[in-house]
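# Observations on chain architecture
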Amino acid sequence: MDAWRVEVRVREDLPDPAGDAARHALTAAGLELSAPVRSHRGYLLGADLGEDDVRRFTSSVLADPICETATILAPGEAGTATPGEVRVVPRPGVTDNVAHSVQKALVDSGMPEVMAGTYRGFRVGDDIDPGALRNAAATALANDVIQDVTLDGPPAGLPGAGGAPDLDPHEIVIRSLDDAALEELSKTACLALTVREMRTIQTHYEEAGREPTQSELETIAQTWSEHCKHKTLTGKIRFGDEIIDNLLKSEIARVTNELDRDFCVSVFVDNAGVITFDDEDCVCIKVETHNHPSAIEPFGGAGTGVGGVIRDVLGTGLAARPVASTDIFCVAPLDMKHEDVPEGCMHPQRILRGVVAGVRDYGNPMGIPTVHGAVHFDEDFVGNPLVYVGNVGVIPRNKVAKKPNPGDAIVSIGGRTGRDGIHGATFSSLELHTESESVSSGAVQIGDPITERKAMDAVLRGRDEGLFSAVTDCGAGGYSSAVGEMAEGLGATVQLETVPLKYEGLAPWEIWISEAQERMVVAVPQEHVARVLEICDEEDVEGTVLGHFEDTGRLVLKYGDVVHGDMDLAFLHDGLPEFEREAHFVAKSVAEPNLPAETDHGQALLNVLADPNVASKEWIVRQYDHEVQAGSAGKPLVGVRNDGPADAAVIAPKLNSERGIVLSSGLNPRYSRIDPAAMAECAIDEAMRNIVAAGGDPEHTAVLDNYCWGNCADPQRLGELVVATRALCHVAETYRTPFVSGKDSLNNEFNAGDRTISIPGCILVTAMSVIPDVKRTITTDFKTAGNKIAVIGVTKRELGGSVYWKTRGELGACVPRVDAESGKEILDSTARAIASHAIVSCHDLSEGGLAAAAAEMSIGGRLGCKVDLGAVVADDALSAEELMFSESQSRFLIEVPPDKVEDVEANLFGVAFSWIGEVDDSNTLTFDHGGQTVADIRLADCVHAFKHTLDLDGTMTEATR
Amino acid sequence: MSQPKVLILRAPGINCERETFDAFERAGASCEHLHVKKLVADPTQLEKFDILSVPGGFAYGDDIAAGRVLANELRQRAGDQLLQFIDRGGLALGICNGFQVLVRLGLLPRASTDGKTLEQEVTLSHNLSDHYECRWVTMKTLPNRCVFLDEGLTIQCPAAHGEGYLQPKTPEFGRMLRDEGFATFVYVDEGGDATTTYPENPNGSPLGLAGLTDVTGRVLGLMPHPDRAYRPFHMPAWRRSGLPANADGMMVFERMVREARGA
């Protein structure tokens, strides 16, 4: 379709940061560039617009009058292909948020609302080989799942309209199929169902005396997906002689039930776990993974992950207000050689940049602070990066319960439905392979945070006015899961033709299972429907009645008068055949390294600080808004120059109260290479240490478990999962921390053709503590020269899996284990001492051990310290390097003013601890052992080592001094 | 007048409206949220208010350019009433995205126009780092024509933006803004001097420009967020230096409310 083309460029004499960023990306992709890259933005406007309007609109809206210039091409006028110019154009059907805003601005300006589109362009240099430019641009500037790259000059016009939809309900022949044909059908239709499950469906339809429709089969596949049903963890596991019936119930949920903590309000039943906050409100929390979408399209995958977990919280009870987000990434090392990256995978640097930008560009516009995060690096994340995203919400105590009633309208609030994200739930239940990128393009989701913000505002207003009987989010499986779940035990009829679409051409089954983002589903009593739609209109977001709930036990799908599905809800929800898997566990064969003793402990510490698993994440943190909503009481970066690492985030989520939340996490994939049980124990211990170190209350803390594992059809992998779960649960029980929510992402494997790369199985533990007053919390940075330093806990010979040995190229075997009984005493005593105001700074000992913790406290406070390693409580005669770098659990470093020493000793009575040194203003860190100084390094060198590794744009380290 | 009335503007993508509301109320004002859709339907509603506040966020997703779509909407559909509002003595505050909106709308600085039409004279473009950045900064006030800001005040608050590079139409115009008192806030270094150096100046803005007032001195726009530095525990260093009685950002809200009260 012909269109006006308007290209807007920054004035040549002014800096063009978007061009600079493109140059950086193209250079990283291997292109040699002599000249600067200049960028432009392209706009496509429908040919119906008059020339005067186009010129006026360009100068008043599209181009900035101060710093930009524009060129205009009339409809039908051929553009010239300038050598060295490349344009990145969205593919047809991909959401174009900016185009919608262009249309709005046209109307505001009194002009007709014509079609609009956008693209980007770059002038790279006419001396570049076109083929090389196209290839580099395709990887560095575009993602071919959603964008096309062209060297042919400005696009001729707007993408054409979609074709007419296929409205046939399509019976799928299943009754006559044999096992092989059933398996083939599951595969070709991307159903991700086993033969046994396909047979169950076959039997069901034999009894019904007909074939399923396409919509029905898709609904069953979505509902029964591993992603939605957690078949592995809730099924039967044969583990040696033992039969475990439902690991989640028998371990995780059992801990919560047996602990029976009075602060738990709603656990495992809703979209997020809910605990008490104050007399009026509860807080809820959810952590999700979005691994497969992020592997294929890091920016969109991570962004929509954030959007999805926000909707989980918004869809908890009758809606919670999201107040904080978290993000944790696992990627391969950034210095991995390009030739070591398997075909079909992106380079980890591109993945990290993409996921960071994705979280940034979704979370920031939502106005939800991203307050806490972490990044872990390991080679085996190359094919399957992990993206964990979490969200916390506040919900009134009387809005936690929900239940749709017969007769309630089904109302969708939010974005329109397109073909984006079809088969996400089933896709995430499969293994990735070299061609996942091309075959699963439909599974990529494109986010629009402003629409989600509008939906959020509308839903919260509806909640406050008491207009809903139930609320849930559209996540995996789209409407099929959201409506299907709400209708459980009830029944519903949905009119698919009422669903607002992004473009024409969607078949009814596509509408039903599309995972288009930013949609919430609410159950509304008929008398409130008009008011709900009015609020939606006021908030500038679409609200649409899709159907109603009814007491029939059936889920009926219609498009006009044609029935596309009529399903028995009992079969849909309970018909899944019992899932059974084999598991066994053989301890890994690992050995302690045979290394010469450390010769330069100071340099060793600098190496540890520079290791990416320890190094400062400031480059990421600074790109996230962690201050919005005005609740920030404990920043992610702390100290004199706001660049020391915090252990946990502290927020006061209500504007009228100083009651607070402390939020932290623990994860250590590397330990899993030695012993998955140790990995799990250390994850929860680390999360709890972080809570305590920041001033949280270990007796009012809830935890979440998020599993990311390889293919659990492999009995050893599943056995490792069982062993890890049991270790995790033992510690949680002893720590009296109930699990309130969790999630598992299995099948994190990449088939690289000749080999399968599985991630190290890992559990992220997220912890959330409620405290009476945010002003009682403390930070990690050293405060004052002359204060005493103590270490709490016992240091053991536990360098297995440590960062120190990683820097020496070794893994080892002596991985840290948790002694839960003494660990609990340490957590409680330390928390007590902090609550009594005797401790001015505290840092937990984790990756890099005691020496790294001391260095981080020094960096934060820009103060030196002197530590006598010989004074550290140890369980054996340990070497200096063991004392400095062992990663034994349940340990803290604390800073105490001289006049508070006795208070601290009283609070820590009965717990292993010792005074080991002093904070000073020497600008050096000194470690003594056996009367000798083993390390004496400059604070400035520590700062540099800590800050430069992950400073991907080279700006943070310069700012050091 | 006892309690000045503040219009806290809402719009798709504006996301700091709750804390801006809270900060103004703590400063003694009476606030009302009003969605832009309702405002442009009847812009005479502005007459009810003493202060207009455009909070931070990502109005309409910052599509095309930061604040552009909202600025266009306000100019096209409420431009005359906005000019009348200021010229009859109303005050206005734009923080971060709100500043970008006021600048693109042409309400700030109105230093070279006839005062009757709205025309953009400066722009806020991409940070030199080309990405969004959230960090605490220190600013001071220059000698300026803003009716509620004295010279020599120092204020610490978070900056959180990707487009805060204040670009005047010419360098001379930029110097004029400073010399004629249109420039209110500048980013300062440790010595208290205006700076263009990262990270004290998070976006590289020339002359260290962080905030502007208009020809009447009754409109203030600034990139950093006083609305995130108004509760004592917001301040980053209280664990080192003790909890302050008042957080820095309160000053902006208190001074505006006091001015509106006196008017």
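Residues numbered from 1 in each chain as written. Chains lettered and ligands numbered in written order. Predicted model: local features only at pLDDT ≥ 70, side-chain atom pairs only at ≥ 80, totals over all residues.

## What about the overall build of chain B?
- The helix and strand tally for chain B stands at seven helices and 11 strands.
- Computed over the C-alpha atoms, the radius of gyration of chain B is 17 Å, within 12% of the 18 Å expected from 2.2 N^0.38 for a compact globule of 263 residues.
- Considering only C-alpha atoms, chain B reaches an extent of 50 × 40 × 35 Å along its principal axes.
- The buried share of chain B, reckoned over its 263 residues, is 62%.
- Taking contacts inside chain B between residues at least 6 apart in sequence as the whole, the part at least 24 apart equals 71%. (Helix = DSSP H or I, 4+ residues; strand = E, 2+ residues; numbered from the N terminus. Rg over C-alpha atoms; globule rule 2.2 N^0.38 Å. Buried ≥ 20, exposed ≤ 12 C-beta atoms within 10 Å, placed from the backbone. Contact = placed C-beta atoms within 7 Å.)

## Here we look at the interface of chain B and chain A
- Between chain B and chain A, the contact holds 52 residues from the first and 54 residues from the second.
- Of all elements in the fold, only α1 (17-26), α3 (68-87), β5 (122-125), β6 (133-141), β7 (154-161) and α6 (238-241) of chain B reach the threshold of two or more residues within the side of chain B that touches chain A.
- Per-element accounting of the side of chain B that touches chain A gives the leading share, six residues, to α3(B).
- Grouping the amino acids of the side of chain B that touches chain A by side-chain chemistry returns 19 nonpolar, 16 polar and 17 charged. (Nonpolar A, V, L, I, M, F, W, Y, C, P; charged D, E, K, R; others polar.)

## Here we look at the sheet that holds strand β15 (residues 409-414) of chain A
All names here are of chain A.
- Strand order in the open sheet made by the seven strands is β17-β19-β15-β20-β18-β21-β22, with mixed pairing throughout. Edge positions in the sheet fall to β17 (470-473) and β22 (562-568), since each of these pairs with one other strand and no more. Averaged over neighbouring strand pairs, the angle between their axes works out to 25 degrees when direction is ignored.
- With six bridges joining them, β15 and strand β19 (residues 519-524) adopt antiparallel strand pairing. Within β19, the position partnered with Val411 by the bridge is Val522.
- Set on the sheet, helix α17 (residues 478-486) makes contact with β15, β17, β18 (492-495), β19 and β21 (554-559); between it and β17 the angle comes to about 155 degrees. (Pairing = 2+ DSSP bridges. Axes fitted to C-alpha atoms, helices over the stretch in contact; angles between N-to-C directions.)

## Thoughts on the packing of helix α25 (residues 715-735) of chain A against helix α27 (residues 820-835) of chain A
Residues and elements named next belong to chain A.
- For the pair α25 and α27, the least separation of the axes is 9 Å and the interaxial angle reads 40 degrees. The angle between α25 and α27 places the two elements in the oblique class. Judged by the twist between their axes, the crossing of α25 over α27 is right-handed. Across the interface between the two elements, His730, Val731, Thr734 and Tyr735 from α25 touch Ala820, Glu821, Lys824 and Leu827 from α27. (Parallel < 35°, antiparallel > 145°, perpendicular 65-115°, else oblique. Left-handed = near helix turned anticlockwise from the far one by under 90°.)

## Side note on the environment of His204(A)
All names here are of chain A.
- For His204, the location among the structural elements is in helix α6 (residues 195-208).
- In this structure His204 comes out as partly exposed when scored by C-beta crowding, with 18 C-beta atoms within 10 Å.
- Spatially, the C-alpha atom of His204 lies 9.8 Å from that of Asp568, the residues being 364 residues apart in sequence.
- Non-local contacts of His204, meaning those with residues more than four positions away in its chain, are made with Phe571 and Gly575.

## Concerning α25(A)
- In this model α25(A) runs 30 Å from its N-terminal to its C-terminal C-alpha over 21 residues, within 8% of the 30 Å that 1.5 Å per residue would give.
- With its phi angle positive at about 60 degrees, Arg736(A) sits one or two positions after the end of α25(A). (Expected span 1.5 Å × (residues − 1).)

## Here's the deal with the packing of helix α12 (residues 298-314) of chain A against helix α16 (residues 449-464) of chain A
Residues and elements named next belong to chain A.
- For the pair α12 and α16, the least separation of the axes is 11 Å and the interaxial angle reads 5 degrees. Looking at the two axes, α12 sits roughly parallel to α16. Residues Gly307, Ile310 and Leu314 of α12 lie in contact with α16, whose contacting residues are Pro449, Glu452, Met456 and Val459.
- Of the residues in the contact of α12 with α16, the class split is five nonpolar, one polar and one charged.

## Concerning the sheet that holds strand β8 (residues 242-245) of chain A
Residues and elements named next belong to chain A.
- Overall, mixed pairing links the three strands, which are arranged β8-β7-β23 in an open sheet. Looking at the sheet topology across the chains shown, the edges are occupied by β8 and β23 (580-583). Going across the sheet, the axis of each strand differs from the next one's by a mean of 25 degrees, ignoring polarity.

## Quick look at the nonpolar core
All names here are of chain A.
- The biggest cluster of nonpolar side chains holds 365 residues, and the ones touching the most others in it are Val522 and Leu609.
- When residues in this core are grouped by element, the largest group, 12 residues, is from helix α24 (residues 676-693).
- Contacts of Leu609, omitting those with residues within four sequence positions, involve Val614, Ala615, Ala852, Ala855, Cys942, Ala945 and Phe946.
- With 16 residues, the next largest nonpolar core counts Val37, Val86, Tyr119 and Ala142 among its residues. (Core = buried A, V, L, I, M, F, W, Y, C linked by C-beta atoms within 7 Å.)

Purely geometric numbers; function is a separate question.
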